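# Coordinates in review
Spelled out, the chains give:
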Amino acid sequence: MHEYQLVRSKRKTLSIQITREGQVVVRAPLFSTERQIREFVENHAEWIDEKLAEATRDDRISAQEFSPAQINVYKKRAKGIISRRVAHYADIMGVEYGQITIRDQKSRWGSCSDKCNLNFSWRLILMPIEVMDYVVVHELAHLKEMNHSPAFWAEVETVMPDYKEHRKWLKENG
């Protein structure tokens, strides 16, 4: 569930706004119940994830140097977005995973331990959401095949037929 700022006013519909700072603002009519608002946010979780990822990419510093405070903000955003993407794809792939950890990895986008724990670089939120999803699917596929065999790549392709395109993007831009 996304954290959000709630603004009630004399309006007729619910809306969601993502600020430049990456904050989720929900605008609601005075009469909306907490449950209606929560369900509205849950139903728009994927859209929110995409917009937060876009806001993060747009917020990049040209020199690609980040302060510790900025890294902490990005890690927090990454934890929320990546955790939801992992849950989504794990359900599709029929796999169970352990803990999800967001790290300051510079040479790896993700990894999967033999205890089914998943590690991801916070820098994934600087990538297009499709590329982030590819890394998530890649790591989840390791829960079925702990190697890069043809069976592993077949598993990735089952969920993401265009994975080669995203893999290429990562090699060229990552």
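An account of the accompanying structure is given in this report. Quantities reported herein were computed from a predicted structural model and do not represent experimental measurements.

### Comments concerning the pairing of strand β3 (residues 24-29)
With five of its six residues buried, β3 lies for the most part within the structure. Inspection of the sheet shows strand β1 (residues 5-9) paired to β3 by five bridges, in the parallel sense. Residue pairing for β3: L6 is matched across the bridge by V26. With four bridges connecting them, strand β2 (residues 15-18) and β3 associate as antiparallel partners. Its bridge partner being in β3, S15 is matched across the sheet by R27.

### A closer look at the environment of A151
You can see A151 is positioned in helix α5 (residues 150-159). Note on A151: relative accessible area 40%, which makes it partly exposed.

### Observations regarding the side chain of E155
Within the fold, E155 resides in helix α5. If we skip the residues at most four places from it in the chain, E155 touches M93, A141 and K144.

### Notes on the sheet that holds strand β4 (residues 100-103)
Taken in spatial order, the three strands line up as β4-β6-β5 in an open sheet, and their pairing is mixed. Because the sheet does not close on itself, it has two edges, and the strands there are β4 and β5 (110-112). Sheet twist, expressed as the mean angle between neighbouring strand axes with direction ignored, is 15 degrees. Note: β4 against strand β6 (residues 118-121), four bridges, orientation parallel. Paired with I102 across the two strands is F120, which belongs to β6.

### Notes on the nonpolar core
Within the largest apolar cluster, 47 residues are counted, with the highest numbers of intra-cluster contacts made by I82, F120 and L140. For I82, the contacting residues outside a window of four places in its chain are I102, F120, S121, L124, M132 and V136.

### Thoughts on the packing of aromatic side chains
Taken as a whole and assessed by the stated rule, the structure comprises four aromatic pairs. Each residue in the set Y134, F152, W153 and Y163 is aromatic and connected to the rest through ring pairs, giving one cluster.

### Let's talk about α5
Inspection of α5 places F152, W153, E155 and V156 among the buried residues, and these make up the whole buried set. When α5 is viewed along its axis, its buried side chains cluster within an angular range of 155 degrees and face the same direction. The exposed residues of α5 that point more than 90 degrees off its buried face are P150 and T158.

### As for unusual backbone geometry
One non-glycine residue with positive phi stands out, namely C116, at about 70 degrees. Structurally, C116 can be placed in the loop between β5 and β6. When its relative accessible area of 29% is taken as the criterion, C116 is described as partly exposed.

### Here we look at the pattern of salt bridges
Taken as a whole, this structure holds eight salt bridges when the rule is applied. Its salt-bridge partner being K168, residue E172 comes within 3.8 Å of it at the nearest N-O pair. One end of the pair, E172, and the other, K168, are both in helix α6 (residues 163-173), four residues apart, so they sit about a helical turn from each other. For E172, a relative accessible area of 54% translates into the label exposed. A network of salt bridges, in which partner residues are shared, links E46, R85 and D133.

What counts as what
Residues numbered from 1 in each chain as written. Predicted model: local features only at pLDDT ≥ 70, side-chain atom pairs only at ≥ 80, totals over all residues. Heavy atoms only, no water. Buried < 20%, exposed > 50% of the residue type's maximum accessible area, 1.4 Å probe, protein only. Helix = DSSP H or I, 4+ residues; strand = E, 2+ residues; numbered from the N terminus. Pairing = 2+ DSSP bridges. Contact = heavy atoms within 4.5 Å. Axes fitted to C-alpha atoms, helices over the stretch in contact; angles between N-to-C directions. Core = buried A, V, L, I, M, F, W, Y, C linked by side-chain atoms within 4.5 Å. Phe/Tyr/Trp six-rings, centres within 6.5 Å; stacked < 30°, edge-to-face > 60°. Arc of directions from axis to C-beta. Salt bridge = Lys/Arg side-chain N within 4 Å of Asp/Glu carboxyl O.

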